[in-house]
Amino acid sequence: MCNLNTKKKMEVINTNEVQVPSEAKYDRKAELQAFDETKAGVKGLVDTGITKVPKLFVQPSNIEDSTIHSNKNFKVPIIDLDGIKEDPIKRKNIVQEVGQASETWGFFQVINHGIPSHVLEEMKDGVISFFEQDTEEKKQWYTRDLTKVFTFNSNFDLFGAPVTNWRDTFTATTAPIPPKPEELPSVCRMFVQPLKIEDPRSRNNKKFIKFPIIDLDGIMEDPIKRKNIVQEVGHASESWGFFQVINHGIPSHVMDAMKDGVASFFEQDTEVKKQWYTRDLTKEFTFNSNFDLFRTPVTNWRDTFRATIAPIPPKPEQLPSVCRDILLEYTNQVMNVGDTLFELVSEAIGLEPNHLKDMGCAEGLLAIGQYYPACPQPELTLGTSKHADNDFLTVLLQDNIGGLQVLHQNHWVDVPPTPGALVVNIGDLLQASSLITNDKFKSVDHRVLANKVGPRISLACFFMTNCVTTHRLYGPIKELISEQNPPKYRETTIKEFTTYFNNKGLDGTSALLHFRL
Ligand SMILES: O=C(O)CCC(=O)C(=O)O
Ligand SMILES: [Fe+2]
């Protein structure tokens, strides 16, 4: 995206309409200057809609030495590093291969190098996210000052090289002195991002706290690990009501495909998408903007779809074809993760592993796809207003844009996008039905900020059963009630609770208050 100013400057070098100047008149230096001043790079140029390559990029006609031919029969060597640490024979062979490739090619590829593929994928996405930011955002990093930890520009040798290349570049110095988080752009910072919370009373008083990440690795095989994980889940549910899980068993390619599926739905042609637009909640799949549009004081900057997945699975034709297969595949896997999470939460409360599952908590699933377009004035609005979820448990998949915040100890704390992680939070129904020693496990308020950068994509899977009218009553768990700990909530059906929640809308108050004794 370009502002008007940028567009104006670019006209100097836009050869669509402008006559290509004759060699004598051509002022390359001025063109370079104009290009550099846009601070928008080649992408900025493309964003203005040019269809011809401006002269400063045009290679001389001897671009390729005529003696050089491309030969498709050659293959750049691929070297498998598997076993390099453990197996001396393999190592010897690998050393030979490296030597040979370095001598004959100077180039080779390595596989089994130890960097997980999801990290590779996230890294590529991170690069794209940086370059696809709004130009105004990106400009702040535009510099030719090589002492900077992070630089963004187009053609480091712009004023020295005879021809300009068709690409933009960022550089980041990451070792031997690791960068401070604020020295890297947030869209691709990720792993080094410590959590920042701001004290609303003072803009300068920043605290750093760690949002819980729980590693589920070994949960089925190793009883000691499981005991520790149960403790961590208990602790996070009590103090945060939110945590992230990694090694949950859903492959990163399925998570990525799900995010793409959500984007594909919203990025369809409006006429196609319109067919799904409805506020009729009895439908298996609904698309609309702001479920509470006519009830809340302020409208949110996001569009939403909602698919009922379980306990009654939708018929294929009840889901849009662009995201049908992945929605079924991904939610199937989320049901498995949910099974584990309900066991862990049950154990953390001190109940039998199957207790919450036996209550039907893991039977129903609603998948809610959220699409937060880039917002020109994010300070004026919100992506999703403050609310707590009206379910037992939510498993949320978010992309790497960020913006989700949790109200923790009276501070809004970012839930940092973490590669491969799922965000888990306790919903109102679990808080009310478990009543763990005076509301121990909290259904915590959260919100999503609007952002200049976008779209942000998320898929929230709500474990709840509002689509079937059961007369089952949910209330404080009998095993947890005593004279010292009397019930705090009256019993309710999922239907009654959901109807109340939906009619109230996201007005910033808790639906639980209505059911409190
Ligand atoms: O988009 C998100 O990250 C969260 C959305 C959310 O809180 C919800 O759908 O309840
Ligand atoms: Fe939510």
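Check the entry above for the structure.
It should be emphasised that the depicted structure is a prediction, and the values quoted were computed from it without experimental measurement.

Engineer: Looking at this structure, how should I read the environment of proline 162?
Structural biologist: Here proline 162 is to be found in the loop between strand 3 (150–153) and strand 4 (169–172). The exposed category is assigned to proline 162, whose relative accessible area is 69%. A sequence separation of 106 residues divides proline 162 from leucine 56, and the C-alpha atoms of the two residues are 8.7 Å apart.

Engineer: What is the right way to read the packing of helix 8 (residues 223–239) against helix 11 (residues 324–349) from this model?
Structural biologist: Between two packed helices, the angle of one axis relative to the other and the distance separating the axes together describe the packing. At their nearest, the axes of helix 8 and helix 11 sit 8 Å apart, and the two run at 80 degrees to each other. Judged by the inter-axis angle, helix 8 sits roughly perpendicular to helix 11. Only Glu343, Leu344, Val345, Glu347 and Ala348 of helix 11 make contact with helix 8, whose side of the interface consists of Arg226, Ile229, Val230, Val233 and Gly234. When grouped by side-chain class, the residues that make up the contact of helix 8 with helix 11 number six nonpolar, one polar and three charged.

Engineer: Please explain the packing of aromatic side chains as it appears in this structure.
Structural biologist: Given two aromatic rings, their pairing is described by the distance between the two centres and the angle made by the two planes. Applying the stated criterion across every chain yields a total of 26 aromatic pairs. Here the aromatic rings of tyrosine 142 and phenylalanine 152 are separated by 5.2 Å at their centres, their planes lie at 90 degrees, and the arrangement is edge-to-face. Linking tyrosine 142 in the loop between helix 6 (135–139) and strand 3 with phenylalanine 152 in strand 3, this pair joins segments that are 10 residues apart in sequence. This pair shows no difference in class: tyrosine 142 is buried, exactly as phenylalanine 152 is. For the ring pair phenylalanine 265 and phenylalanine 287, a centre distance of 5.4 Å and an interplane angle of 75 degrees mean the geometry is edge-to-face. Taken together, the positions of phenylalanine 265 in helix 9 (residues 252–266) and phenylalanine 287 in strand 9 (residues 285–288) put the pair 22 residues apart, joining distant regions of the chain. Accessibility assignment for this pair places phenylalanine 265 and phenylalanine 287 in one class, buried. The ring of tyrosine 26 has lysine 55 lying over it, and the distance from NZ or CZ to the ring centre is 5.1 Å.

Engineer: Honestly, the nonpolar core in this entry has me stumped. Any pointers?
Structural biologist: General note: in soluble globular proteins, nonpolar side chains tend to be found buried as a group. One finds Phe305, Leu327, Tyr330, Leu356, Leu393 and Leu459 to be the most contacted residues of the largest nonpolar core, which totals 71 residues. For this core, the leading source of residues is helix 11, giving 11 residues. Excluding anything up to four places from it in sequence, leucine 459 contacts Met258, Val262, Phe305, Leu327, Tyr330, Ala367, Ile368, Gly369, Val395, Leu396 and Leu397. Counting residues in hydrophobic clusters, the runner-up holds 17 residues, among them Val413, Val423, Ala460 and Met464.

Engineer: Help me understand the coordination of the iron ion (ligand 2) in this model?
Structural biologist: Under perfect tetrahedral coordination by four donors, a metal shows angles of 109.5 degrees; under perfect octahedral coordination by six donors, it shows angles of 90 or 180 degrees. Only His387 (NE2), Asp389 (OD) and His446 (NE2) from the protein coordinate the iron ion (ligand 2), and they sit 2.1 to 2.2 Å from it. The sequence pattern describing where the donors of the iron ion (ligand 2) fall on their chain is H-x1-D-x56-H. Grouping residues by exposure puts histidine 387 and aspartate 389 together as buried.

Engineer: Before we go on, may I ask you to explain the site of ligand 1 in this structure?
Structural biologist: The environment of ligand 1 is made up of Gln370, Tyr372, His387, Asp389, Leu396, Leu404, His446, Val448, Arg456, Ser458, Ala460 and Phe462. Residue histidine 387 places a side-chain N or O atom 3.0 Å away from an oxygen atom belonging to ligand 1. In the environment of ligand 1, an oxygen atom lies 2.7 Å from a nitrogen or oxygen atom belonging to the side chain of serine 458. Out of a free accessible area of 290 Å², ligand 1 has 95% covered by protein chains. Every element with two or more residues in the shell around ligand 1 is listed here: strand 11 (365–372), strand 17 (446–449) and strand 18 (456–463).

Engineer: Can you walk me through unusual backbone geometry in this structure?
Structural biologist: Only a minority of non-glycine residues have a phi that is not negative, and only a minority of peptide bonds are not trans. With omega at 5 degrees, the peptide bond leading from alanine 175 into proline 176 counts as cis. Residues glycine 454 and proline 455 are joined by a peptide bond in cis, for which omega reads 5 degrees. If you trace the backbone, proline 455 turns up in the loop between strand 17 and strand 18. Not every positive phi belongs to a glycine, and lysine 39 is a case in point at roughly 50 degrees. For lysine 39, the position within the fold is in the loop between helix 2 (28–38) and helix 3 (41–47). Backbone geometry places asparagine 290, a non-glycine residue, at a positive phi of 65 degrees. Summarising the element assignment, asparagine 290 is placed in the loop between strand 9 and strand 10 (303–310).

Engineer: What should I look at first to understand helix 11 in this one?
Structural biologist: Every α-helix winds through 3.6 residues per turn, so residues three or four apart in the chain are directed the same way. Over its 26 residues, helix 11 extends 36 Å from the first C-alpha to the last, a length consistent with the 38 Å expected when each residue adds 1.5 Å. Note on helix 11: the residue one or two positions beyond its end, glycine 350, has a positive phi of about 100 degrees.

Engineer: Help me out: how do you make sense of the side chain of glutamine 133 in this one?
Structural biologist: Note that glutamine 133 resides in the loop between helix 5 (117–131) and helix 6. Each residue touching glutamine 133, except ones within four places of it in the same chain, is listed here: Lys138, Val187 and Val453.

Engineer: Can you walk me through the pattern of salt bridges in this structure?
Structural biologist: Pairs may arise between side chains of opposite charge once their charged atoms sit close together. Per the counting criterion, the structure on display carries 15 salt bridges. Arginine 144 is the salt-bridge partner of aspartate 36, the closest N and O atoms lying 2.7 Å from each other. With aspartate 36 in helix 2 and arginine 144 in the loop between helix 6 and strand 3, this residue pair connects regions lying 108 residues apart in the sequence. For aspartate 36, a relative accessible area of 14% gives the class buried. The salt bridge involving aspartate 217 is made with lysine 225; its shortest N-O contact spans 3.6 Å. We classify lysine 225 as partly exposed; its relative accessible area is 36%. Residues joined by salt bridges that share partners form a network here, namely Arg226, Asp339, Glu343, Glu347 and Lys357.

Engineer: Honestly, the sheet that holds strand 18 in this entry has me stumped. Any pointers?
Structural biologist: Strand pairing in a sheet relies on backbone hydrogen bonds. The paired strands run either parallel or antiparallel. Reading across from one edge, 7-8-16-13-18-11-10-9 is the order of the eight strands in this open sheet, with mixed pairing throughout. Each of the sheet's edge strands pairs with one partner strand only, and the pair in question is strand 7 (213–215) and strand 9. Averaged over all adjacent pairs, the angle separating strand axes in this sheet is 25 degrees, with direction ignored. Note that strand 11 and strand 18 share eight bridges and pair antiparallel. Across the sheet, residue alanine 367 finds its bridge partner in strand 18, namely cysteine 461. Contacts from helix 8 reach strand 7, strand 8 (242–246) and strand 16 (422–426), with the element oriented near 160 degrees to strand 7. Its contacts with the sheet put helix 11 on strand 8, strand 10, strand 11, strand 13 (393–398), strand 16 and strand 18, and the angle it makes with strand 18 is roughly 55 degrees.

Thresholds applied
Residues numbered from 1 in each chain as written. Chains lettered and ligands numbered in written order. Predicted model: local features only at pLDDT ≥ 70, side-chain atom pairs only at ≥ 80, totals over all residues. Heavy atoms only, no water. Helix = DSSP H or I, 4+ residues; strand = E, 2+ residues; numbered from the N terminus. Buried < 20%, exposed > 50% of the residue type's maximum accessible area, 1.4 Å probe, protein only. Axes fitted to C-alpha atoms, helices over the stretch in contact; angles between N-to-C directions. Parallel < 35°, antiparallel > 145°, perpendicular 65-115°, else oblique. Contact = heavy atoms within 4.5 Å. Nonpolar A, V, L, I, M, F, W, Y, C, P; charged D, E, K, R; others polar. Phe/Tyr/Trp six-rings, centres within 6.5 Å; stacked < 30°, edge-to-face > 60°. Lys NZ or Arg CZ within 6 Å of the ring centre and 35° of its normal. Core = buried A, V, L, I, M, F, W, Y, C linked by side-chain atoms within 4.5 Å. Donors = N, O, S within 2.8 Å, 3.2 Å for Na, K, Ca; no water. Near = heavy atom within 4 Å. Polar contact = N/O pair within 3.5 Å; in protein donor to acceptor, adjacent residues only side chain to side chain. Areas by Shrake-Rupley, 256 points an atom, 1.4 Å probe, with all protein chains shown as cover. Expected span 1.5 Å × (residues − 1). Salt bridge = Lys/Arg side-chain N within 4 Å of Asp/Glu carboxyl O. Pairing = 2+ DSSP bridges.

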